[in-house]
Amino acid sequence: MEFNLLEELTQLSDPTNDYSNFPDLESSDQQEINQLLNQVVDAVSNDSSAITEQDTFDTFRGLIKSADAHSSSTLSKLLDSLISGFQAEIEATSRENNPTDHTAYRSHRKALEMYAFLLQWFVTAAEKLAGAGKDAAVGPTAKGKQKKAAGKKGKKDEFDFLEVIPDILAVMTKALRTLRTERIWQTTAERDTFVANCFMKPTTLFSESEQYMKLPDIKLGVFRVICLAAKNHGQALNTQMTVMQNLQYTEHLSEPMAELCTILAKEFDYSQLGEEVLREIADKQFSAQDTKGPRSFSKFLIKLADISPRVVLKQIVVLQRHLDSESYPMRNAIIEVIGLLIRELSIAPAGDQEPEVIKRQLEGFFELLFDRFLDLNSYVRAKVAAVLKQTCDLPTKFPKLRTKLTELTIRSLSDKSSQVRKNCISLVTKLILTHPYGRMHGGELGMEEWRVRYDELVKELAPLDLVSVEEAEALARARELMGDEDEEGEGLEKVAEEEEEDVKPVVEKEGEEKEEEEEEDGAGSETDEESRPKLSKKDREKKKARRSEGMDLASADRDKILASVDQDTLTRLRLTKKYYADAIVFIEQLDRASEVISDLVASTVKSEVLEAMEFFRVAHQYKLESAEIGVKKMLHLIWAKDDAVTGEDGKELKGVRSKLIDVYTQLYIEEVPDLSDADQVKRVAKNVIELTREATLAELISLEALLGVMMSKGVIQDEVIAKLWQVYSTTKDIPRFQRRGAIIILGMFAAPKPEVVADQVETLLKIGLGPHGKADLVLCKYTCVALSRVAGSVKKVKGSLEDMSVRLPMDSPVFTRLQDMILHPSTNKEWFSMAEQAINTIYTLGDQPDALCSSILRQMSNRVFAPADADDENGSDDEAVPAEVDNDDTATPSASSLMPPMTPGLPPQTPSRNAPWTMPPQTPGRAPHIPVFGNAFDLSQLIFVAGHCAIKQLVHLELVERDIKRRKAEEDAKTGSKKKGQDELDQVAGSVEDEIGDMIGVAKEKELLYGEDSLLSVFGPMAATIVSQPKLYRNSMLKTAATLALSKFMCVSARFCEEHLMLLFRIFETTTEDAVRSNIVIALGDIAVCFSTIMDENSDRLYAGLHDKNITVKKNTLMVLTHLILNGMIKVKGQLGEMAKCLEDEDKRISDLAHLFFTELSTKEKAIYNNLPDIISHLSSGTAPVDEETFAKSMKFIFTFIDKKREAEAIVEKLCQRFQMATEPRQWRDIAFCLSLLPFNSEIAVKKLVEALPLYQDKLHEETVFKRFQEILNKAKNNKVTKDESVLKEFEDALEEHRQKGAEDQDMQRKMAKSKKKGAKASKVRVRQSKRRQQSTPPSSPE
């Protein structure tokens, strides 16, 4: 039988071939098929060469051709027969392996080709059959019961090709490993036909299936077949092409191809193929638009560098070309490859390479990575940081490179990409965790400790670190050659001094200082050379002799000192000094990094915030002093929404709040090993007290929220609370901040758990409201805060009538102590905050707080307005009070200044006895018109308490109203439901609850400040009088207290507010006191909330605070306006432009607040869109327009919120209409810039712009305006908004035409103006000439 493998393969691949030369078994029944199969199986099993018989081969071909019609058992039997026959033929061939007898070996060629051909055909047919089965499973379900039953039967009898693939690959591997194909097939073409088509093609078919390549047996079998074919059977080039094609078109094979190259190199000792593939990849070009190809090749390179780094290392020089590739995935891949090579060179043994060579290689790789920090693509910059982070875990620490790495990382912390910043924060954290300065002293990074160690070592080395004789001689020769003889001695001293002085911490500073010194020295040497007389030969010889004597003395001193010190010891000390200096440099770098990262704590990117928190946790644990700033700043994150985020690796990360609680728990609460339980409690108590030291009000509020959450979760132990009470109540003389901190923390713990302080009320009265409190008003203030927690802190539900707070009877000793503390004489400025908290506590705990506050006000009034003799009598009592000494607080000046004369505005008559206020009686013998003087500080205290009582009484009345309604609701519940029709009657006539509300409203409006028996009715006019006469009442504290009290009175009554609102605005505009203006701004915000109708008429004047010179006033104004506008308290009437001016404020806090305001305002429907014209007018042409650069930055931010097509289309029309009214070129430029910020992504927007051409055609001669319209035109072209491109072309031509025409008109106007100017000048000359002629005319003329 004749058999040509190439012809058979060609016919097999021809879709038109009908295979008519062998029997068709598709129509045969199963019995006949089984009979034929048994015959060929028996024939092959008896003799493997039987395949060469025509009938046997044709039967096999017929069975494979009709494979889709056979059962799974038939196909399995057919495959087993082929595999067993092929194996038998391979073994028979190997037995003929006589080197001298080629004929016997070649005689098996035909049988081998037939088996290989049939096996290849079977693989192709079975793969099609398996694919058809998958399609049938995925496709739509057949209709009808019969088809469903047939489907189930077919599925049951389906041939499982997946299980037999390893057997097929095994026989192929055996064939390629056993056969010597070069002896059987004499020509390369014949051998390639056999190996490439019958072995490589099936393996390629297997590898294209991602499902197959996930199975280890199949993947390893494919690799072995390809490796054997490449190495032993001349298929290296074919394999290389296959690898490149797989990388180009089959993404899931990128990593398997790297494994293939590794197996070739390691198991088959054939690394040439991997190297050739790498060289071919190095020569490829990737465009920025191509994404699939670079991604696949990058995976291949990374995987190959990971599992076979030495192969990649040989070709890294050519692969480095891709660092400049347009495709950023390829740049990322090379960066990651370099990182893996650094790992390989650092961990693997050196082998034949010299250590110095490896060191240079590593330095070169690091420099390549450092350069990529400046890559244009943020993904590449982020990848560099991630790769360098991995290198920090290597055992080799690279101390010199780490310094540069830290510096570059700190620079990249300010990158515009959040992903880069996040990775750089993580890198800095890893640099701390892996720093090499922990071998000698434990690894902590406290700057002070390292400085002390360094200074001590410098002192120890000072007598030993002398300049050597050789260095001195070399320096002398250099000086002599340069002719700089006078500076030789100075040079020696300078070298010695440089050895002794401290190492400069920053490398850049060293370079700058040295350059400056060299410039100064150079200038000095030039002047010295000019002025220095030339020395004779004899003088020069004398100087040489003196130099040699000095060197001999230096040598003698050095030898004497070093004789007592071992050389190894000296070397060790010098290395230790360098070690300390590097550690100090590293700590200073971390300090600079902390400043930047502390700003990133407030970032809006949560993953970045989480990394910043982790950095400060690690830095704090390493005792880095600058970490305290970030740890405190983290406190404010307790207000963040605790949403979990997903990291770049797909893992879910903790929310910000959860992370904050974990960080603070680890830093301050978690137990430290090797400490007893008592010491653990002391440590935790000390830590939480330290958190309150020098904390701002905002930090204390955030700390309270944090500790409240931790308390609720059971993180705080009862032993810690007991220890804090022990610190608070101790009789020992301890620093004030400790006792204060203890009660602050206890008050915070009591917010979610009131029993913390409810069980210790006596202790609070004894310490905080006793002698300790009188001596320390801050301690008293926080004691009042803690005491108020006894009432409980259950949040009031809006509309709910329930009241869970605890009230105490007014005869409780608590109120007696609080009254005593308020009335206790004091000149400390902390008295005001203490009194405020004491009054808050009275109203929080008291059952009838107004009665006690009335008594307090009476007593304070008597003290302020008592007659002079009474003051003198009481003076002895005042002197008996021990003076307050507070080292922590700045004491205010003694209130020895006198109060100006009382004005007639105060009520002269004495109210009735029942009234809560009584004026002091007139002193006998004193005329009514004599001025009355008093203590300004006492009056400040009185007016402050009165104002705060007013505002607290207002709140108290609201609670009374709710309590009455609650009781009424309880009575209704007891008596049963209302009668039928009662609801309708209530709707018409009003319910009892409405009457209660009206009654309380009348009390608030008329009784508090205008009632005949009202105590506060006296203090309202008093505060207004003091505020309205600043020239008489000059005391700063008095004016501040009176303004604050007046503001609180105005929040109580609408009538009082309306009467004094203009006074408050006048003070706001005229006062020079920053504190007064700041208080008034906040008060105006409260007034707007209470009486919005009154404030609406004068809301314009509130915006004046945005132009205040004081930063605090400006910030408070912005915050108040933000609150009022966003909550709809006041109506915006075109004043948003004033808010927009704050977007580019010099102060970052104000700028950030303005950005936040507009961001929140954009969430309200059309809020920015409706006010956009007013904003543009204010910024561009208002009373105080901003410069063009500020205008551009502000509008660029605001236009980001115009993201709806309809809004953008309407704005196009509005902006074009503004061109008609604009008269200045500056306004034209601003309008054109605003137009260029719009997206122009709709046909309507472009149409409106084109139609409005007559409105701005005469402005196009302005260069900037025309440039903006060109940008708009390009944007419209790129967006392809119009189907007809001729519209944009005509518009472009019209723009150019009108620009040229406008330019010509401008030239004409300039020429006309110039000619008019010349004509006017010529007429003046003619007039002057005529006057001269008239003057020169003789008078004899009869005319």
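Owing to the predicted nature of the structure, the values given are computational and were not obtained by experimental measurement. (Residues numbered from 1 in each chain as written. Predicted model: local features only at pLDDT ≥ 70, side-chain atom pairs only at ≥ 80, totals over all residues. Heavy atoms only, no water.)

**Quick look at the overall build of the protein chain**
Each helix and strand in the protein chain was counted, giving 63 helices and two strands. Across the protein chain, every contact between residues at least 6 apart in sequence was considered, and the portion connecting residues at least 24 apart equals 75%. Working note: accessible area of the protein chain is about 70700 Å², and carbon and sulfur atoms make up 50% of it. (Helix = DSSP H or I, 4+ residues; strand = E, 2+ residues; numbered from the N terminus. Contact = heavy atoms within 4.5 Å. Areas by Shrake-Rupley, 256 points an atom, 1.4 Å probe, with all protein chains shown as cover.)

**Structural notes on the nonpolar core**
Phe300, Phe1158, Met1195, Leu1235, Tyr1256 and Phe1269 are the most contacted members of the largest nonpolar core, which has 368 residues in total. Those residues in contact with Met1195 that sit more than four places away from it in its chain are Leu1172, Ile1175, Ile1176, Leu1179, Phe1233, Cys1234 and Leu1237. (Core = buried A, V, L, I, M, F, W, Y, C linked by side-chain atoms within 4.5 Å. Buried < 20%, exposed > 50% of the residue type's maximum accessible area, 1.4 Å probe, protein only.)

**What about empty space enclosed by the protein?**
Tallied over the full model, the rule gives eight cavities of 30 Å³ or more. For the largest cavity, the full set of lining residues is Phe366, Phe370, Thr391, Cys392, Leu394, Thr396, Lys397, Phe398, Leu401, Arg402, Leu405 and Leu431. Here the lining of the largest cavity takes three residues from helix H21 (residues 399–412), the largest share from any one element. For the lining of the largest cavity, the class distribution of residues is eight nonpolar, two polar and two charged. Quantified by volume, the second largest cavity comes out at close to 60 Å³. (1 Å grid on protein atoms, 1.4 Å probe; cavity = no way out; pocket = protein on both sides within 12 Å on 5 of 7 lines; lining within 4 Å. Points joined across faces, edges and corners; volume = space filled by probe spheres on them. Nonpolar A, V, L, I, M, F, W, Y, C, P; charged D, E, K, R; others polar.)

**Observations regarding the pattern of salt bridges**
Within the structure shown, the criterion is met by 51 salt bridges. Ionic pairing is found between Lys633 and Asp599, a salt bridge with its closest N-O pair at 3.3 Å. Here the residue Lys633 occupies a position in helix H30 (residues 627–634), and Asp599 occupies one in helix H28 (residues 567–600), the gap between them amounting to 34 residues. The exposure class assigned to Lys633 is partly exposed, which follows from its relative accessible area of 31%. One salt-bridge network, in which partners are shared between bridges, spans Asp324, Arg331, Arg372 and Asp375. (Salt bridge = Lys/Arg side-chain N within 4 Å of Asp/Glu carboxyl O.)

**Comments concerning the layout of surface pockets**
Approximately 1400 Å³ is the volume found for the second largest pocket. Around the second largest pocket sit 23 residues that line it, and Ala602, Arg1149, Asp1152, Leu1153 and Leu1156 are the ones nearest its centre. Elements that contribute at least two residues to the lining of the second largest pocket include exactly H28, helix H53 (1111–1126) and helix H55 (1148–1161). Element by element, the count of residues in the lining of the second largest pocket is highest for H55, at nine residues.

**Concerning a negative patch on the surface**
Where like charges cluster on the molecular surface, the negative patch consists of Glu670, Glu671, Asp677, Asp718 and Glu719. Here Glu719 lies in helix H34 (residues 718–729). Residue classification places Glu719 among the partly exposed positions, given a relative accessible area of 46%. (Patch = residues over 30% accessible without salt bridge, like charges linked within 9 Å, V, L, I, M, F, W, Y side chains within 5 Å. Lys, Arg positive; Asp, Glu negative; His and termini not counted. Charge placed at Lys NZ, Arg CZ, Asp CG, Glu CD.)

**Describing the packing of helix H18 (residues 328–347) against helix H19 (residues 355–371)**
Helix-helix packing: each pair is described by the crossing angle between the helix axes and the interaxial distance. It is at 10 Å that the axes of H18 and H19 come closest, and there the two elements cross at 155°. With respect to H19, the element H18 is oriented roughly antiparallel. Between H18 and H19 the crossing geometry is left-handed. For the pair formed by H18 and H19, the contact residues are Ile335, Ile338, Leu341, Ile342, Leu345 and Ser346 on the first element and Ile358, Gln361, Leu362, Phe365, Phe366, Leu368 and Leu369 on the second. Taken together, the residues of the contact of H18 with H19 sort by class into eleven nonpolar, two polar and no charged. (Axes fitted to C-alpha atoms, helices over the stretch in contact; angles between N-to-C directions. Parallel < 35°, antiparallel > 145°, perpendicular 65-115°, else oblique. Left-handed = near helix turned anticlockwise from the far one by under 90°.)

**Describing the packing of aromatic side chains**
Under the criterion given, the structure shown has 29 aromatic pairs. The rings of Phe86, Tyr115, Trp185, Phe194 and Phe199 are connected pair by pair, giving a single aromatic cluster. Lying across the ring of Phe1191, Arg1226 places its NZ or CZ 5.9 Å from the centre. Above the plane of the ring of Phe1266 lies Arg1299, whose end atom (NZ or CZ) is 5.0 Å from the centre. (Phe/Tyr/Trp six-rings, centres within 6.5 Å; stacked < 30°, edge-to-face > 60°. Lys NZ or Arg CZ within 6 Å of the ring centre and 35° of its normal.)

**Overview of the confidence of the model for the protein chain**
Per-residue confidence for the protein chain averages 80 on the pLDDT scale, and 80% of its residues sit at or above 70. Here residues 484–535 scores under 50 on pLDDT; set against residues more than four positions off or in separate chains, the count is 45 contacts. Low pLDDT, under 50, characterises residues 540–551; the stretch is placed with ten contacts to residues that sit more than four places away or in other chains. (pLDDT = per-residue confidence, 0-100.)

**Digging into helix H8 (residues 161–178)**
Compared with the 26 Å implied by 1.5 Å per residue over 18 residues, the 26 Å span of H8 between its first and last C-alpha is a close match. Three or more residues of H8 are buried, namely Phe161, Val164, Ile165, Ile168, Leu169, Val171, Met172, Thr173, Ala175 and Leu176. At the N-terminal boundary of H8, the capping side chain belongs to Asp160, with an oxygen 3.4 Å from the backbone nitrogen of Leu162. (Expected span 1.5 Å × (residues − 1). Polar contact = N/O pair within 3.5 Å; in protein donor to acceptor, adjacent residues only side chain to side chain.)

**Comments concerning a nonpolar patch on the surface**
The grouping of Trp639, Leu697 and Ile701 at the surface amounts to a nonpolar patch, some 370 Å² of accessible area in total. Examined against the element boundaries, Leu697 turns out to sit in helix H33 (residues 697–712). With a relative accessible area of 64%, Leu697 lands in the exposed category.

**Digging into the environment of Lys686**
Checked against the element boundaries, Lys686 lands in helix H32 (residues 677–691). We classify Lys686 as exposed; its relative accessible area is 55%. Between the C-alpha atom of Lys686 and that of Gln738, which follows or precedes it by 52 residues, the distance is 8.4 Å.

**Re helix H58 (residues 1205–1221)**
The terminal C-alpha atoms of H58, which comprises 17 residues, lie 26 Å apart, in line with the 24 Å expected from a rise of 1.5 Å per residue. Turning to H58, its buried residues number three or more, namely Glu1207, Ala1208, Glu1209, Ala1210, Ile1211, Val1212, Leu1215, Cys1216 and Phe1219. Buried-residue contacts for H58 involve helix H56 (1167–1181), helix H59 (1225–1237), helix H60 (1243–1251), helix H61 (1253–1256) and helix H62 (1263–1279).

**Notes on the environment of Thr1117**
By secondary structure assignment, the location of Thr1117 is in helix H53. Remark: the alpha-carbon pair of Thr1117 and Ile1080, spanning 37 residues in sequence, is separated by 9.5 Å. Not counting the four nearest positions on each side in its chain, Thr1117 is found in contact with Val1081, Leu1102, Gly1105 and Leu1106.

**Some remarks on the packing of H32 against H34**
Interhelical geometry of H32 versus H34 gives an angle of 65° and a closest axis separation of 9 Å. Both H32 and H34 take part in a crossing whose hand is right-handed. In this structure, H32 contributes Val681, Lys682, Val684, Ala685, Val688 and Ile689 to the contact, and H34 contributes Glu719, Val720, Lys723, Leu724 and Val727. For the contact of H32 with H34, the class distribution of residues is eight nonpolar, no polar and three charged.

**Remarks on unusual backbone geometry**
Of note, the phi angle at Phe398 is positive, near 50°, even though the residue is not glycine. Residue position: Phe398 is located in the loop between helix H20 (378–391) and H21. Of note in the backbone geometry, Lys623 takes a positive phi value of approximately 65° without being a glycine. Residue class for Lys623 comes out partly exposed when judged on its relative accessible area of 45%.

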